[in-house]
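Close look at the chain arrangement
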Amino acid sequence: MEKMLVGCFLLILGQLTLLLPAEARERPRLRSASRGRNARTHPQTALLESSCENKRADLVFIIDSSRSVNTHDYAKVKEFIVDILQFLDIGPDVTRVGLLQYGSTVKNEFSLKTFKRKSEVERAVKRMRHLSTGTMTGLAIQYALNIAFSEAEGARPLRENVPRVIMIVTDGRPQDSVAEVAAKARDTGILIFAIGVGQVDFNTLKAIGSEPHEDHVFLVANFSQMESLTSVFQNKLCMVHMCSALEHNCAHFCINTPGSYVCKCKQGYILNSDQTTCRIQDLCAAEDHGCEQLCVNVLGSFVCQCYSGYSLAEDGKGCVAVDYCASEDHRCEHECVNADGSYFCRCLRGFSLNPDKKTCTKIDYCASPNHGCQHECVNTEDSYSCRCLRGFTLNPDKKTCRRINYCALKKPGCEHECVNTEEGYYCRCHRGYTLDPNGKTCSRVDHCAEQDHGCEQLCLNTEESFICQCSEGFLINADLKTCSRADYCLLSDHGCEYSCINTDRSFACQCPEGHVLRSDGKTCARKDVCQAVDHGCEHTCVNSGESYICKCLEGFRLHEDGKRCRRKDVCKSTHHGCEHICVNRGNSYICKCSEGFVLAEDGRRCHRCSEGPVDLVFVIDGSKSLGEDNFEIVKQFVTGIINSLVISPKAARVGLLQYSTQVRTEFTLRNFSSAKDMKKAVAHMKYMGKGSMTGLALKHMFERSFTQVEGARPLASRVPRVAIVFTDGRAQDDVSEWASKAKANGITMYAVGVGKAIEEELQEIASEPTNKHLFYAEDFSTMGEISEKLKKGVCEALEDSDRSQDSPAGELPKRVHQPTESEPVTINIQDLLSCSNFAVQHRYLFEEDSLSQSTQKLFHSTKSSGSSLEEKSDQCKCENLIMFQNLANEEVRKLTQRLEEMTQRMEALENRLRYR
């Protein structure tokens, strides 16, 4: 009871101290050298100083012995420690002292159990040797937590509530992580005082020291000013520890605070709302435990378990079904099937399980009177089917039967008719025909051969008999047997300007020498010299008075012989400006690049294919089958591809998706304009490590990654779109739909598979031909080879895209388009109508869809003989059009003549029929 009263008194006194003004309280924040040993002391200090007698504590000094601490400063640290020892009551039953110094490694100078008297501790401190190595502060705290405060090294058990204290002195930045290990030390009940000297990062000190930081974190300008902290630590270390003075009721740990205390829990437990008791931390709810079925909390961790009928896999997370069929003598005749906690027997299709639940009996489906078959019932493996008698076939209802139509079924190829019989068919001919020996084709009955027909010229078989006919150019006489020659000039109003001449089938008009028949086939005109002589012009002959001249098509020039033509070399005749190669193309030219280069946007300069514009999206498998080590290899693989490209908004834009059970956009096509930033984003990419929804990733890539919102260039810009899909296993969804949509919309798909990747899926993803767009490796050791092949493939894709966009590099003087021989000619009627002597009368000539070959050739010569019709309208142009008119008229004349001949033949046939 007396102990409780003393504790309450001290607690009230401590609280009153906290209510004093800030300048009256000794709560040093950033300590400076201006505060000396003789600073004014608060009245409470005397009480605290007296409390150091019989003070129980386990105190461990951790001293920075790195090379940045010089010999003089190292001596100051040892003096500071000796000063601290002066006011401590050192002994096995009171204050025990241990000391570590650290550099690149930790050296245990002496432990809590080594010395029993203060003089021995002072002597050991003075004998310490400077290490002069690195600064592994985190390693030193870890050593203190695991070893220095162990009962084996002299620390008293936690149940005795003896305060555990670390006093750490450092002058530089740690070369390792300190925050996590310092937090663990504080959580176990260790009070940490952090003292920084010189240019120490204050945030690092706060990460080490206990809270509140104003009571446990100190910073001085140099080692000489450390002595100013002696009195401060006399107050701190000699303060009454409430955990020892009071009944704290903490379930696990009691942590002293200025004038009070707080309760803490062991690792794996968390504090309840009463702030004293502890409960096990639910790690199954707090972590991604990865258990396939059940997660069970244990102290400080968790374990995976499985449902009944399953056992835990070797990885400690997955579950596999217990194979009862393999472990028991099931005696099933057909199949044994594992069930929940047991097994059962099952029969094959077409069999039923007997009452003994082991053996099987064949099912007779036809024994049932309800099968409904019209002819026959036949048992099948798991049901029955109906069958028809010979000469019949089963109807669509699969029950009733109908007679077989052999003619429709066999399609025997009868020329006229097919006749069904009961078990087959035969061919039959129409009236007036007889069946040939092959039994299929038919021949007309030759009445003309069977009797003396008496026809003078021709005998024509009819269905029942025959009729006589005359040869072309003859008419049948009234006896319907004999023939007379037809005088077409006499029979018709021929309209010839000069003379009419009978032909075999009609008549023709004839002109005198030196004239030719016009296109109307009746009137005459003076001869066309080009048509009248063998002019020998390679391209076009143009009449010139009483003679002619040869001309060439556009893009050609006349040879010295005045007849042959040769192509103009535009590349040599103009300053084309092509960086690599100039290629003639008709009346213009295009620039091309050497292999490994692509054409720049100006159509003249060339750059390496890796500098070419491309929108490239990586689709990376981040499923758990990959593993973190292999995921790092994939990141290096992506970085290698990026290194081969020139990254900029005008050249290569690159985006990246990672997918597992979900899809995560790591960065879009618009996020980065430099390879450096992009590679940094790849390096910091976090591994997802779950399922493998490849189809979902392709859908995301197709619908979002190549949109202008995410940085893709418009389709009109014709920038190649490329996707590189990486996977190491089977997808958990369908990939074909979105892969097909992507390829159909112009996205070039590369599929990269490693290990257990499925070849069929890779083929569905990859563009054609797959031998250029699909890459597979058995393991990750050959990823470098795939990377090189991919770089080459993307390069070739850019070259192909460049070739597909070939266009004239320069604009030569504008001319009328020159069609090739295989190109259809389109005539603009407005050009022809510009000639007044041609337009009105011959507008009908242009109602046809196409012209004869000779007309096309003439039109070529007309178009290529000079400047554009729109630019120049002169008499020569109209003369050329008149030539065109003449040829067109000639074509019309021939058509008219054929029409007249057909009319006469129809009249002759009508006459013959009239006199039958």
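Residues numbered from 1 in each chain as written. Predicted model: local features only at pLDDT ≥ 70, side-chain atom pairs only at ≥ 80, totals over all residues. Heavy atoms only, no water.

**Here we look at the overall build of the protein chain**
In terms of regular secondary structure, the protein chain is built from 28 helices and 48 strands. Classification of the 916 residues of the protein chain by burial places 40% in the buried group. Sequence separation of 24 or more characterises 54% of the internal contacts of the protein chain that already satisfy a separation of 6 or more. With the model as given, the accessible surface of the protein chain reaches about 50600 Å², and the carbon-plus-sulfur share is 49%. (Helix = DSSP H or I, 4+ residues; strand = E, 2+ residues; numbered from the N terminus. Buried < 20%, exposed > 50% of the residue type's maximum accessible area, 1.4 Å probe, protein only. Contact = heavy atoms within 4.5 Å. Areas by Shrake-Rupley, 256 points an atom, 1.4 Å probe, with all protein chains shown as cover.)

**Let's talk about helix 3 (residues 71–86)**
Since the α-helix packs 3.6 residues into each turn, any two residues three or four apart lie on the same face. The terminal C-alpha atoms of helix 3, which comprises 16 residues, lie 23 Å apart, in line with the 22 Å expected from a rise of 1.5 Å per residue. By the burial criterion, the buried members of helix 3 are D73, Y74, V77, K78, F80, I81, V82, I84 and L85. Check the buried side of helix 3 and you find it contacts strand 1 (57–64), strand 2 (95–102), helix 4 (118–126), strand 4 (164–170), strand 5 (190–197) and helix 9 (230–238). Capping of helix 3 at its N-terminal end is provided by N70; its side-chain oxygen lies 3.2 Å from the backbone amide nitrogen of H72. (Expected span 1.5 Å × (residues − 1). Polar contact = N/O pair within 3.5 Å; in protein donor to acceptor, adjacent residues only side chain to side chain.)

**Overview of the sheet that holds strand 44 (residues 652–659)**
Across the sheet, six strands lie side by side as 45-44-43-46-47-48; this open sheet has mixed pairing. Because the sheet does not close on itself, it has two edges, and the strands there are strand 45 (663–667) and strand 48 (774–777). This sheet shows a mean twist of 20° between the axes of neighbouring strands, independent of strand direction. By the bridge criterion, seven bridges tie strand 46 (residues 721–727) to strand 47 (residues 747–754) in an arrangement that is parallel. The residue of strand 47 that forms the bridge with T727 is G753. Helix 20 (residues 694–705) contacts strand 43 (614–621), strand 44, strand 45, strand 46 and strand 47 of the sheet and is inclined by roughly 145° relative to strand 44. (Pairing = 2+ DSSP bridges. Axes fitted to C-alpha atoms, helices over the stretch in contact; angles between N-to-C directions.)

**Here's the deal with unusual backbone geometry**
For the peptide bond that leads from E211 to P212, omega is -5°, which places it in the cis range. Summarising the element assignment, P212 is placed in the loop between helix 7 (202–208) and helix 8 (213–216). Here N54, not a glycine, exhibits a phi torsion of approximately 60°, which is positive. You can see N54 is positioned in the loop between helix 2 (43–50) and strand 1. Although it is not a glycine, S132 adopts a positive phi angle of roughly 55°. Residue placement: S132 occurs in the loop between helix 4 and helix 5 (137–148).

**Thoughts on the side chain of T230**
Considering the arrangement of structural elements, one finds T230 in helix 9. A polar contact of 3.0 Å, which involves the side chain of T230, links it to the backbone oxygen of E227.

**Notes on the state of the cysteines**
On inspection of all chains with the given rule, the structure shows 25 disulfides. C265 shares a disulfide with C278; S-S distance 1.9 Å. Because the torsion about its S-S bond is -90°, the bridge between C265 and C278 counts as left-handed. Of this pair, C265 sits in the loop between strand 8 (260–264) and strand 9 (269–271) while C278 is found in strand 10 (residues 278–280), placing the two residues 13 residues apart along the sequence. What makes C278 buried here is its relative accessible area of 18%. Across a sulfur-sulfur distance of 1.9 Å, C571 and C582 are joined as a disulfide pair. Every disulfide takes its handedness from the sign of the S-S torsion; for C571 and C582 that torsion is -85°, giving left-handed. Taken together, the residues span a long stretch of sequence, with C571 in helix 17 (residues 570–573) and C582 in strand 39 (residues 581–585) at a distance of 11 residues. (Disulfide = S-S within 2.5 Å.)

**Quick word on the sheet that holds strand 5**
Taking strand neighbours across the sheet as the criterion, the six strands line up as 3-2-1-4-5-6 in an open arrangement whose pairing is mixed. The open sheet has two edge strands with one neighbour each: strand 3 (106–110) and strand 6 (217–220). Strand-to-strand, the axes of this sheet are offset by a mean angle of 20°, without reference to chain direction. Direction of pairing for strand 1 relative to strand 4: parallel, over a ladder of six bridges. Note that in strand 4 the partner of I63 across the bridge is V169. Contacting strand 1, strand 4, strand 5 and strand 6, helix 9 crosses the sheet at an angle of about 175° to strand 5.

**Description of the packing of aromatic side chains**
Scanning the entire structure with this criterion turns up 10 aromatic pairs. Here F702 and W738 contribute two aromatic rings whose centre-to-centre distance is 6.0 Å and whose plane-to-plane angle is 45°, an arrangement assigned as tilted. Residue F702 is located in helix 20, and its partner W738 is located in helix 21 (residues 736–744); the two are separated by 36 residues in the primary sequence. A centroid spacing of 6.4 Å and a plane angle of 15° characterise the contact between Y750 and F775, whose relative ring orientation is stacked. (Phe/Tyr/Trp six-rings, centres within 6.5 Å; stacked < 30°, edge-to-face > 60°.)

**Observations regarding the environment of E901**
For E901, the location among the structural elements is in helix 28 (residues 875–914). Each C-alpha atom of the pair E901 and S506 lies 5.3 Å from the other, and the pair is 395 residues apart in sequence. Leaving out residues up to four positions away in the same chain, E901 has contacts with R505 and S506.

**Points about a negative patch on the surface**
A grouping of D734, E759, E760 and E764 is seen on the molecular surface, where their side chains present a negatively charged patch. Within the secondary structure, E760 is located in helix 22 (residues 759–765). (Patch = residues over 30% accessible without salt bridge, like charges linked within 9 Å, V, L, I, M, F, W, Y side chains within 5 Å. Salt bridge = Lys/Arg side-chain N within 4 Å of Asp/Glu carboxyl O. Lys, Arg positive; Asp, Glu negative; His and termini not counted. Charge placed at Lys NZ, Arg CZ, Asp CG, Glu CD.)

**Quick notes on the environment of I84**
Mapping I84 onto the fold places it in helix 3. As a C-alpha pair, I84 and S231 span 147 residues in sequence and 8.5 Å in three-dimensional space. Setting aside its immediate chain neighbours within four residues, I84 contacts F61, T230, F233 and L237.

**Points about the nonpolar core**
Grouped together as the largest cluster of nonpolar side chains are 39 residues, with contacts concentrated most on F61, L85, V125, M167, F233 and L237. Ignoring sequence-local partners within four residues, the contact set of F233 consists of F80, I84, F87, M167, F193, I195, F218 and C238. (Core = buried A, V, L, I, M, F, W, Y, C linked by side-chain atoms within 4.5 Å.)

**Focus on the packing of helix 3 against helix 4**
It is at 10 Å that the axes of helix 3 and helix 4 come closest, and there the two elements cross at 175°. By the angle between their directions, the pair helix 3 and helix 4 is classed as roughly antiparallel. Residues K78, I81, V82, L85 and Q86 of helix 3 form the contact with helix 4, whose own contacting residues are K118, V121, E122, V125 and K126. For the contact of helix 3 with helix 4, a count of residues per class yields five nonpolar, one polar and four charged. (Parallel < 35°, antiparallel > 145°, perpendicular 65-115°, else oblique. Nonpolar A, V, L, I, M, F, W, Y, C, P; charged D, E, K, R; others polar.)

**Concerning the pattern of salt bridges**
Pairs can form between side chains of opposite charge whenever their charged atoms are close. Scanning all chains against the criterion turns up 18 salt bridges. The shortest N-O distance in the salt bridge between K236 and D215 comes to 3.0 Å. With a gap of 21 residues between them, K236 in helix 9 and D215 in helix 8 connect regions that are remote in the sequence.

**Concerning the pairing of strand 46**
For strand 46, the buried fraction is high: seven of the seven residues fall into the buried class. Examined bridge by bridge, strand 43 and strand 46 share six bridges and lie parallel to one another. Note on strand 46: the bridge partner recorded for V617 is A723. Crossover handedness for the path strand 46 to helix 21 to strand 47: right-handed. (Right-handed = clockwise from strand over helix to strand, strands pointing away.)

**A closer look at helix 18 (residues 628–643)**
The end-to-end C-alpha distance of helix 18, which contains 16 residues, comes to 23 Å, matching closely the 22 Å that a straight helix rising 1.5 Å per residue would cover. Within helix 18 the residues assigned to the buried category are F631, V634, K635, F637, V638, T639, G640, I641 and I642.

**What to know about the pairing of strand 32 (residues 507–510)**
The side-chain alternation of strand 32 yields one buried face, formed by F507 and C509, and one unburied face, formed by A508 and Q510. As paired elements, strand 31 (residues 499–502) and strand 32 share four bridges and run antiparallel to each other. Its bridge partner lying in strand 32, I501 is registered against A508.

**Regarding the confidence of the model for the protein chain**
Counting all residues, the mean pLDDT for the protein chain is 80, and 81% of those residues have values of 70 or more. Taken together, the stretch residues 1–51 has pLDDT below 50 and engages in 70 contacts with residues farther than four places along the chain or on a different chain. The low-confidence segment residues 807–879, where pLDDT is below 50, has 93 contacts with residues more than four positions distant or belonging to other chains. (pLDDT = per-residue confidence, 0-100.)

**Overview of the side chain of H216**
Mapped onto the fold, H216 is located in helix 8. By relative accessible area, which is 4% here, H216 ends up buried. Among the polar contacts listed, one links the side chain of H216 to the backbone oxygen of P212, at a separation of 2.9 Å. Look past the residues within four positions of H216 in its chain and what remains in contact with it is L191, I192, F193, A194, S210 and E211.

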